[in-house]
Amino acid sequence: MNACDKLLVNATTLDAQGNQLLDQAIAIQNGIIAWCGPQVQLPTLFTGVSPTEDCQGQLITPGLIDCHTHLVYAGNRSTEFQMKLAGVSYAEIAKAGGGILSTVYQTRAASEEELIQQSLPRILALRADGVTTVEIKSGYGLDLANELKMLRVARRLGELTGLRVRKTFLGAHAIAPEFKGNSQTYVDVLCQEMLPALSEEQLADAVDVFCESIAFSLKQTEQIFNAARELNLPVKCHAEQLSNLGASQLAAEFGALSCDHLEFLDAKGASAMAEANTVAVLLPGAYYFLREKQKPPVEVLRRAGVRMAVATDCNPGSSPTASLRLMMSMACHFFSLSVPETLLAVTSHAARALGLQNEVGSIAKGMKADLLWWSVSDSAALCYYFAYPLPHRMMIAGQWVSPKDTYQE
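All values reported here derive from a predicted model rather than from experimental measurement. (Residues numbered from 1 in each chain as written. Predicted model: local features only at pLDDT ≥ 70, side-chain atom pairs only at ≥ 80, totals over all residues. Heavy atoms only, no water.)

### Focus: the overall build of the protein
As a reminder of what qualifies: Helix numbering and strand numbering both begin at the N terminus, where a helix is a DSSP run of H or I of at least 4 residues and a strand a DSSP run of E of at least 2. Based on C-alpha atoms, the radius of gyration is set beside the globule rule, defined as 2.2 Å times the residue count to the power 0.38. Remark: exposure states derive from per-residue accessible area (1.4 Å probe, protein chains only) relative to the maximum for the residue type, with buried under 20%, exposed over 50%, and partly exposed in between. Only heavy atoms enter the contact rule, under which two residues are in contact if any of them lie within 4.5 Å. Residue burial considers only the protein chains on display, and all accessible areas are found by Shrake-Rupley using a 1.4 Å probe. Note on charges: Lys and Arg go in the positive column, Asp and Glu in the negative column, and His and the chain ends are not counted at all. We put the charge of a Lys on NZ, of an Arg on CZ, of an Asp on CG and of a Glu on CD.
Along the backbone of the protein there are 16 helices and 16 strands. On C-alpha atoms alone, the protein measures out to a radius of gyration of 21 Å, which is about the 22 Å that the 2.2 N^0.38 rule sets for 409 residues. Dimensions along the principal axes, computed over C-alpha positions, put the protein at roughly 70 × 45 × 45 Å. Out of the 409 residues in the protein, the part that is buried amounts to 56%. When contacts within the protein are restricted to residue pairs at least 6 apart in sequence, those whose partners lie at least 24 apart make up 71%. Surface summary for the protein: the accessible area is close to 16,200 Å², and the carbon and sulfur share equals 50%. Within the protein, one finds 32 positive and 41 negative side-chain charges whose respective centroids are separated by 2 Å.

Spelled out as C-alpha cells, the structure:
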C-alpha cells in the first residue's frame, strides 16, 4: 500500500511567515497532508507514487479562507448607496430606519429556497477566487425562525458548493424591530430563547455581537458572551468600528476567536487581544465602501503581536463584494500590509479566526489537503492582480475539484 495517494513535486510554497519556499514536495493521503518539505528531503516511502504531479515551480498555497461574511441575505441596498454618495453617514441611515433593518425585512420575506438562489452566486464567486473555507453569519432575521432559516441556508450552501462553511450566530446584529426602544428585552430573549434553540439544532459554530453605540452596549455584549459560554460556543465581536467602547478588551476576556473592523482600536485593546490570542480581522471593503477616514491601527497591532486576518465582509450595506483577492489588494494599498502579511491573513490567521487553525490554513503534516495550484510562481501576483481571474486548480480534502464537481443541483 502506498504511503500517500497523491504527490506534488517541484512546487513553490509559503513558510509560516508567508515567505516563498522553492522546490517543495507535498504528499497527500486520504485527504490529509502526510508530508511536506524540500523535495530533496522527500522520504523514499513517498517516491514512485502515482499520480505524481510536477508543479513546474508554480505556487501552491492553502485554500483561501474568508473568515467574515454576511453573504446570506435577500435584496440589496443600492438606494442607500446613492444616499452615501450624497454624504449621508452609515449611522444616520441606520437611525432613519435603513441599514441592517432594511435587509432584515427583505430577508424575512424570502423563503429558504429564495435565499439559497440569491446567495448562491456570492459563494460561487468566492470559490472562483480560490476560497475553500468561508464563515457565514446570520443577523438579518433577528427572530428565532428567521435566524434558523439563515443558518440552514448557510449549511446548504456548503453542501451545494463543496466549501467548508462555518456558521456564526449574529442575532445581536441590530435590535429586532419588534423590540424598538426595548433593547434589553431583546437581549434577554436572545440569551434565554434563541441561543439555546440554535445550540440544540447544532446550527451555530460561534456567536458574534455588534458592540457599538448604534447596536449593543458593553453590558449587553457581556451578557450575550456569558450565555454563549454556558453553551460552550466560542465568541467573536464586531468591535471598535465607529468608536472605542472597549469591546476588544471585553472580547479578549472571553477568549474571543476574533475582533473585527477595529478602526478605533487603541494600544490597550491590542495588548488584550494579543494576550488572548484573539485575531484582528481587517475589512478593507467596508473601509472603502463607507469612505471611512479612520484606518485600523495596523502598526499598533504589529507592535502588540496580534495576528491579522483579512476578509470580504460580504454584505449588502457596507461591503457588497464577493472577491477575497480584491480585499487582499486593498489590504496592501489601504492598510499597508506586506504581501507575506496578506497571504497569512487569508490562510493561517483566517483559520485561527474561525477556530480551525489545526485543520486548515497552512501546508503542514496532519492538516487537511485544501490547496490551490496557481498559474503563477510569484506570491506577490495574488495581491498584485485585482478583479482579474487568475487561473488556479482547487483541491478540497485531497481531491481536485471543478465547478461541475462541487455544484450539485
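### Some remarks on the side chain of Gln24
With respect to the helices and strands, Gln24 occurs in strand E2 (residues 20-29). Setting aside residues no more than four positions away along its own chain, Gln24 makes contact with Leu8, Val9, Asn10, Ala11, Thr13, Gly37, Pro38 and Gln39.

### Thoughts on unusual backbone geometry
Positive phi values are uncommon outside glycine, yet Asn232 reaches one of about 60 degrees. Non-glycine residue His261 carries a positive phi angle of around 90 degrees. You can see His261 is positioned in strand E11 (residues 258-261). A relative accessible area of 3% places His261 in the buried class.

### Some points on the packing of helix H5 (residues 144-161) against helix H6 (residues 183-201)
This is how it is decided: For every element, the axis is a line fit to its C-alpha atoms; helices are fit only across the contacting stretch, and the angle between N-to-C directions ranges from 0 to 180 degrees. Each crossing gets its hand from how the near helix is turned against the far one by less than a right angle, where anticlockwise is left-handed and clockwise is right-handed. Here the term charged refers only to Asp, Glu, Lys and Arg, the term nonpolar to Ala, Val, Leu, Ile, Met, Phe, Trp, Tyr, Cys and Pro, and the term polar to all other amino acids, Gly among them.
Taken N-terminus to C-terminus, the directions of H5 and H6 make an angle of 35 degrees; their axes are 10 Å apart at the nearest point. As for the relative orientation of H5 and H6, their crossing is right-handed in sense. Where H5 abuts H6, its residues Leu144, Glu147, Leu148 and Leu151 lie against Met194, Ala197, Leu198 and Glu201. Partitioning the contact of H5 with H6 into residue classes produces 6 nonpolar, no polar and 2 charged.

### Thoughts on the environment of Pro196
Within the secondary structure, Pro196 sits in helix H6. Pro196 gets classed as partly exposed once you look at its relative accessible area, which sits at 29%. Other than its neighbours up to four places away in sequence, Pro196 contacts Leu190, Cys191 and Leu231.

### Some details on the sheet that holds strand E14 (residues 371-374)
Counted only if it meets this: Two strands pair under a simple rule: DSSP has to find at least two bridges between them.
A sheet is described by the order of its strands in space; here 4 strands give the open sequence E5-E14-E15-E16, paired in antiparallel fashion. A single partner strand is all that each edge strand has here, and the edge strands are strand E5 (60-62) and strand E16 (399-401). Each strand axis lies, on average, 30 degrees off the axis of its neighbour in the sheet, ignoring direction. Relative to E16, strand E15 (residues 392-396) is paired through 3 bridges, and the arrangement is antiparallel. In the strand pairing of E16, Met395 is matched with Trp400.

### So, the domain arrangement of the protein
This is how it is decided: These domain limits were set by an automatic method or by a database of domain assignments. Joining two parts hides part of their accessible area as seen by a 1.4 Å probe, and the buried area is that hidden amount summed over both. A carboxyl oxygen of Asp or Glu within 4 Å of a side-chain nitrogen of Lys or Arg is what we treat as a salt bridge.
Examined at the domain level, the protein breaks down into domain 1 (6-62 + 362-400) and domain 2 (64-353). Look at where the C-alpha atoms of domain 1 and domain 2 centre, and you get two points 31 Å apart. Each side of the interface is counted separately: domain 1 has 25 residues, and domain 2 has 22 residues. Between domain 1 and domain 2 lies a buried interface of about 1,800 Å² when both sides are counted; carbon and sulfur atoms form 66% of it. Here domain 1 and domain 2 share 1 salt bridge between them.

### Observations regarding H6
Note: α-helices contain 3.6 residues per turn, so residues at a spacing of three or four share the same orientation. For the record, the criterion: Helices are assigned an expected span. That span is 1.5 Å times one less than the residue count. Fitting axes to the seven residues ending at a residue and to the seven starting there, one defines the bend at that residue as the angle between these axes.
Over its 19 residues, H6 extends 25 Å from the first C-alpha to the last, a length consistent with the 27 Å expected when each residue adds 1.5 Å. Within H6, the axis deviates most sharply at Leu190, by approximately 40 degrees. Taken as a whole, H6 has its buried residues at Tyr186, Val187, Val189, Leu190, Cys191, Met194, Leu195 and Leu198. Buried residues along H6 sit in contact with H5, strand E8 (164-172), strand E9 (206-210) and helix H7 (218-230). At the C-terminal side of H6, Gln202 shows a positive phi close to 55 degrees.

### Let's talk about the sheet that holds E8
Strands sit in the order E6-E7-E8-E9-E10-E11-E12-E13 across an open sheet of 8 strands; the sheet is parallel. Of all strands in the sheet, those bounded by a partner on one side alone are strand E6 (64-66) and strand E13 (308-310). In this sheet, neighbouring strand axes are inclined to one another by 25 degrees on average, regardless of whether the strands run parallel or antiparallel. Across 4 bridges, the pairing between strand E10 (residues 235-239) and E11 is parallel.

### Points about the packing of aromatic side chains
Defined as follows: Think of it this way: a Phe, Tyr or Trp ring, Trp meaning its six-membered ring, pairs with another when their centres are within 6.5 Å, and the plane angle makes it stacked under 30 degrees, edge-to-face over 60, tilted otherwise.
Summed over the entire model, instances satisfying the criterion amount to 12 aromatic pairs. Centre to centre, the rings of Tyr287 and Phe335 are 5.3 Å apart; their planes meet at 70 degrees, and the pair counts as edge-to-face. One end of the pair, Tyr287, is in helix H10 (residues 284-289); the other, Phe335, is in helix H12 (residues 324-335), and 48 residues separate them in sequence. A relative accessible area of 10% means that Tyr287 is categorised as buried. An angle of 20 degrees between the planes, with centres 4.4 Å apart, marks the rings of Tyr385 and Tyr388 as stacked.

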